[in-house]
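# An overview of the molecular structure
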Amino acid sequence: VAANKTATLKSLTFWGHIIVVASAVAVGAGAWVCNKVKKHEPKVVTEFRASLKSYIDAIRKGEMDIDKINNLMSSLEALKADKNYSKISIQLTSEELDVLVGRIYEYTLKLASDNEIEIAADDLEEEKDVIKNLQSYLKVQRRIFAEAA
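Now for a description of the structure that goes with this document. Remember, predicted model here, so these are calculated numbers, not experimental data.

### What about the overall build of the chain?
The helix and strand tally for the chain stands at five helices and zero strands. Order of helices (α) and strands (β) in the chain, N terminus to C terminus: α-α-α-α-α. Looking at the chain as a whole, 23% of its 149 residues are labelled buried. Excluding contacts between residues fewer than 6 apart, the proportion of contacts in the chain whose partners are at least 24 apart in sequence is 70%. Element-wise, carbon and sulfur atoms account for 57% of the exposed surface of the chain, whose accessible area totals about 10,500 Å².

### A short note on the pattern of salt bridges
Tallying each qualifying case throughout the model produces eight salt bridges. Residue E47 is joined to K43 by a salt bridge in which the shortest nitrogen-to-oxygen separation is 3.7 Å. With a gap of four residues between them, E47 and K43 both fall in helix α2 (residues 43–61), about one helical turn apart. On the basis of relative accessibility, which here comes to 36%, the residue E47 falls in the partly exposed class. One network of salt bridges, with partners in common, ties together K53, D57 and R60.

### Quick notes on the nonpolar core
Membership of the largest hydrophobic core comes to 28 residues, with the highest contact counts inside it found for Y55 and L138. Listing elements by their share of this core, those giving two or more residues are α2, α3 (66–81), α4 (94–114) and α5 (130–148). A per-element tally of this core places α5 first, with seven residues. In contact with Y55, other than residues within four places in its own chain, are M64, K68, I69, L72, I104, Y107, L138 and Q141.

### So, α4
Look at α4: 30 Å from first C-alpha to last across 21 residues, which is about the 30 Å you get at 1.5 Å a residue. Taken as a whole, α4 has its buried residues at L100, V101, I104, Y107, T108, L111 and A112. Angular distribution of buried residues about the axis of α4 spans 135 degrees; they occupy a single face of the element. Structural note: α4 exposes E95, R103, S113 and D114 on the side pointing more than 90 degrees away from its buried face.

### Regarding unusual backbone geometry
In this structure, E116 takes a positive phi of about 50 degrees despite not being glycine. Note that E116 resides in the loop between α4 and α5. For E116, a relative accessible area of 76% puts it in the exposed group.

### Details of a negative patch on the surface
Residues E95, E96, D98 and E126 make up a contiguous surface patch of negative charge. Here E126 lies in the loop between α4 and α5.

### Brief notes about the packing of aromatic side chains
For the structure shown, the criterion picks out one aromatic pair. Between Y105 and Y137, the ring centres sit 5.3 Å apart and the planes meet at 55 degrees, which makes this aromatic pair tilted. Note that Y105 is positioned in helix α4 and Y137 in helix α5, a separation of 32 residues in sequence.

### Here's the deal with the side chain of S51
With respect to the element layout, S51 can be found in helix α2. Here S75 takes part through its side chain, which lies 2.6 Å from a polar atom of the side chain of S51. Not counting residues within four places of it along the chain, the set of residues in contact with S51 comprises N71, L72 and S75.

The rules we used
Residues numbered from 1 in each chain as written. Predicted model: local features only at pLDDT ≥ 70, side-chain atom pairs only at ≥ 80, totals over all residues. Heavy atoms only, no water. Helix = DSSP H or I, 4+ residues; strand = E, 2+ residues; numbered from the N terminus. Buried < 20%, exposed > 50% of the residue type's maximum accessible area, 1.4 Å probe, protein only. Contact = heavy atoms within 4.5 Å. Areas by Shrake-Rupley, 256 points an atom, 1.4 Å probe, with all protein chains shown as cover. Salt bridge = Lys/Arg side-chain N within 4 Å of Asp/Glu carboxyl O. Core = buried A, V, L, I, M, F, W, Y, C linked by side-chain atoms within 4.5 Å. Expected span 1.5 Å × (residues − 1). Arc of directions from axis to C-beta. Patch = residues over 30% accessible without salt bridge, like charges linked within 9 Å, V, L, I, M, F, W, Y side chains within 5 Å. Lys, Arg positive; Asp, Glu negative; His and termini not counted. Charge placed at Lys NZ, Arg CZ, Asp CG, Glu CD. Phe/Tyr/Trp six-rings, centres within 6.5 Å; stacked < 30°, edge-to-face > 60°. Polar contact = N/O pair within 3.5 Å; in protein donor to acceptor, adjacent residues only side chain to side chain.

Shape descriptors only; they carry no functional weight alone.
What follows is the structure, given as structure tokens:
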């Protein structure tokens, strides 16, 4: 009976080690896959997302300043300058991006009105390229902040 208990304990210990090793391998593989997925997104996209989030938060909270506008503009310029720009995918549908840029357009008009700054019609002329539209709105916002200061 004692020999049988020892054999059972050795068997449990053996399977316990196998389970621990298998778990460690699974966790390690999961971490590796997660790390690969995170690294797959280019740095310019990560920085653009962070700048855009900061910018939108500032609009929502009424805490916009020239630095947030400049950060988003710099992120956009870096995004467009990236050698893989044509392959970069920002996870927004075209409709979501259009709505977002439309809201930024509306915010630009409100910002100008609130600060009694006139905007020339061609400053906010819409193009087919949503990113170019966003850049032009940000340029106007930058000018508004400079003139209002």
